[in-house]
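Close look at the chain arrangement
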Amino acid sequence: MPTTDPVCGMQFRIEKAAGKAEYQGKTYYFCTEVCKRHFEEDPERYLKAKTAR
Ligand SMILES: [Zn+2]
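Core analysis: the largest hydrophobic core is formed by 11 residues, namely Phe12, Ala21, Tyr23, Tyr28, Tyr29, Phe30, Cys31, Cys35, Phe39, Tyr46 and Leu47. The set of elements that each furnish at least two residues to this core consists of strand 3 (19-23), strand 4 (26-30), helix 1 (33-41) and helix 2 (43-51). If you tally residues by element for this core, the top one is strand 4, at three residues. Leaving out residues up to four positions away in the same chain, Cys35 has contacts with Asp5, Val7, Cys8 and Phe30.

Next up on the list: the coordination of the zinc ion. Protein-derived ligands of the zinc ion are Asp5 (OD), Cys8 (SG), Cys31 (SG) and Cys35 (SG), with the metal-ligand distances lying across 2.1 to 2.3 Å. In primary-sequence terms, the residues that donate to the zinc ion follow D-x2-C-x22-C-x3-C. Of this pair, Asp5 sits in the loop between strand 1 (2-4) and strand 2 (11-13) while Cys31 is found in the loop between strand 4 and helix 1, placing the two residues 26 residues apart along the sequence. Classification of Asp5 by relative accessible area gives buried; the value is 0%.

Procedures and definitions
Residues numbered from 1 in each chain as written. Predicted model: local features only at pLDDT ≥ 70, side-chain atom pairs only at ≥ 80, totals over all residues. Heavy atoms only, no water. Core = buried A, V, L, I, M, F, W, Y, C linked by side-chain atoms within 4.5 Å. Buried < 20%, exposed > 50% of the residue type's maximum accessible area, 1.4 Å probe, protein only. Helix = DSSP H or I, 4+ residues; strand = E, 2+ residues; numbered from the N terminus. Contact = heavy atoms within 4.5 Å. Donors = N, O, S within 2.8 Å, 3.2 Å for Na, K, Ca; no water.

See below:
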C-alpha cells in the first residue's frame with residue numbers, strides 16, 4: 001500500500017517507512033527519521049501546505 005510522506009512529498013510503501021507519527025487521529029509515515037522529526041516539530045505546517053489548494 002503506497003503512502004506519501006507529508007514532509008518531502010515522496011511516495012513509498014508503508015512497510016518501507018522509517019518512522020510514523022499520529023496526529024489528529026491519522027497516522028502519517030515518513031521516509032526517514034529526519035522527515036518524522038520535522039513533522040513532529042510543526043505538523044500544521046505540512047498539513048496546511050497539502051490542503052491549501
Ligand atoms: Zn521524507
